[in-house]
Amino acid sequence: MKAVTAAEKPSATKLPHKKKKWTKESIIGLIILLIPLIGYLIFSGFPVVISFIIQFTDMDRFDLGTLQWNNFANFSAVFTDGRFWHSIGITFWLLMTQFVSLFIALIVAALISRDVKGSKIFQILFFVPYICSTIAISVMWMWIFDGSLQADGETRGGVLNSILGTNINWLDNPDNPATLTWAIFISIVWRAPGYGIVMYIAAFKAINPSLHEAAQLDGANGFQRFWHITLPGIAPTTLYLAMAGVAAGMGIFGEATIMAPINWDQVAGRGDMGLTAMYYIYLEGVKAARMPTAAVMSWFMFIITFVPSFLLLRWRNKKEEAL
């Protein structure tokens, strides 16, 4: 049999490489894609860059043309401002609402995820406060805690006073100004668990039921199954909710502005007990037109929120890699 030489092999025909042309559909798709990107750069990216720059400058109100280097004077002003550190303390106090809400969400979700009669209705009822307006909820709680000073010097009004038979102005209590902070605390705890309940119910359903069946056959009781199977199974959801809760807690603003409106001296409630960090940044940057110091406060809040979250995620990733 005659062998076919390389010269006799049929050569593959090489088709000329054609460059892909821009079609009408691809151009339209690119434009649609660029619209939100350009919007983000203009309305979010550019302000972030400006806020970083003005930290190191003096500025006449909101005029960017008056920027002048001030040798880190804004940082010195912020970190020696006792009112700023007071607002940080109030913020961390109210941040605890997120962990209380997370615990409530876990308990409630564990109870209504048992497919008992009416569980869907309760799930909806618990979720309704979460989707309601923060302002509307804050006004509702303000009416509950409110107490008005009458001509005879008595404090009356408010749903809570009517129920308890007291005459305390919970939002402006001269004897105990901290009742204002507790009022904001309660309003947030009442509203926040709805989202966590829905997330936890979905996480419960994702756990393999055969794990519970095997543990039950081995003699594990309900609490042991919950502790050793359910909690590890919903750990990713718990981590997500905790991190989202921390971000939300550090940014509490709406509840404070409604329940602790500023007076003529720009005091957020008696003793500044309703002054959160975001509230103070608003007063400094918008009301007092001191944008450079407000920018320093904002970046400081970003750092103390981002760094722990970043380290926690890295720790979790390393732990998963080691398994």
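Structure: see above.
Let us look at the structure shown here. On a predicted model such as this, the values are computed, not experimentally measured, just so you know.

### A short note on the overall build of the chain
For step 1, the next point in the chain: Scanning the chain for helices and strands turns up 14 helices and four strands.
For step 2, the next point in the chain: Counting contacts in the chain only where the partners sit at least 6 residues apart, residues at least 24 apart contribute 66% of the total.
For step 3, the next point in the chain: For the chain, the accessible surface area stands at approximately 20700 Å², while carbon and sulfur atoms represent 68% of it.

### Side note on empty space enclosed by the protein
For step 1, the next point in the chain: By the definition in use, this model includes one cavity of 30 Å³ or more.
For step 2, the next point in the chain: In this structure, the largest cavity spans a volume of roughly 50 Å³.
For step 3, the next point in the chain: Taken together, Ile112, Ser113, Asp115, Ser119, Lys120, Gln123, Ile201 and Lys205 form the lining of the largest cavity.
For step 4, the next point in the chain: Of all the elements in the fold, those that place two or more residues in the lining of the largest cavity are helix 4 (119-131) and helix 8 (193-206).
For step 5, the next point in the chain: Among the elements that take part in the lining of the largest cavity, helix 4 stands out by supplying three residues, more than any other.

### A few points about the packing of aromatic side chains
For step 1, the next point in the chain: Tallied over the full model, the rule gives 26 aromatic pairs.
For step 2, the next point in the chain: Judged by centre distance (6.0 Å) and plane angle (55°), the ring pair of Phe72 and Phe75 falls under tilted.
For step 3, the next point in the chain: For the pair Phe223 and Trp227, a centre-to-centre distance of 6.1 Å together with 25° between the ring planes defines the contact as stacked. Taken together, the residues Phe223 and Trp227, both in helix 10 (residues 222-233) and four residues apart, mark about one turn of the helix.
For step 4, the next point in the chain: Given the relative accessible area of 58%, Phe223 is considered exposed.
For step 5, the next point in the chain: Just above the ring of Tyr130 sits the side chain of Arg191; from NZ or CZ to the centre is 5.7 Å.

### Some thoughts on the environment of Ile229
For step 1, the next point in the chain: With respect to the helices and strands, the residue Ile229 is situated in helix 10.
For step 2, the next point in the chain: C-alpha separation for the pair Ile229 and Leu211, spaced 18 residues apart in sequence, amounts to 7.3 Å.
For step 3, the next point in the chain: The contact partners of Ile229, leaving out residues within four places of it in the chain, are Ile207, Leu211, His212, Ala215 and Gln224.

### Points about the packing of helix 3 (residues 82-112) against helix 8
For step 1, the next point in the chain: It is at 8 Å that the axes of helix 3 and helix 8 come closest, and there the two elements cross at 45°. Here helix 3 is positioned oblique relative to helix 8, judged by the angle of their axes. At the point where helix 3 passes helix 8, the crossing takes the right-handed sense. Taking contact as the criterion, the partners of Ser101, Leu102, Ile104, Ala105, Leu106, Val108, Ala109, Ala110 and Ile112 in helix 3 are, on helix 8, Pro193, Gly196, Ile197, Tyr200, Ile201 and Phe204.
For step 2, the next point in the chain: Class assignment for the residues of the contact of helix 3 with helix 8 results in 13 nonpolar, two polar and no charged.

Conventions used here
- Residues numbered from 1 in each chain as written.
- Predicted model: local features only at pLDDT ≥ 70, side-chain atom pairs only at ≥ 80, totals over all residues.
- Heavy atoms only, no water.
- Helix = DSSP H or I, 4+ residues; strand = E, 2+ residues; numbered from the N terminus.
- Contact = heavy atoms within 4.5 Å.
- Areas by Shrake-Rupley, 256 points an atom, 1.4 Å probe, with all protein chains shown as cover.
- 1 Å grid on protein atoms, 1.4 Å probe; cavity = no way out; pocket = protein on both sides within 12 Å on 5 of 7 lines; lining within 4 Å.
- Points joined across faces, edges and corners; volume = space filled by probe spheres on them.
- Phe/Tyr/Trp six-rings, centres within 6.5 Å; stacked < 30°, edge-to-face > 60°.
- Buried < 20%, exposed > 50% of the residue type's maximum accessible area, 1.4 Å probe, protein only.
- Lys NZ or Arg CZ within 6 Å of the ring centre and 35° of its normal.
- Axes fitted to C-alpha atoms, helices over the stretch in contact; angles between N-to-C directions.
- Parallel < 35°, antiparallel > 145°, perpendicular 65-115°, else oblique.
- Left-handed = near helix turned anticlockwise from the far one by under 90°.
- Nonpolar A, V, L, I, M, F, W, Y, C, P; charged D, E, K, R; others polar.

Nothing here speaks to function; it is all geometry.
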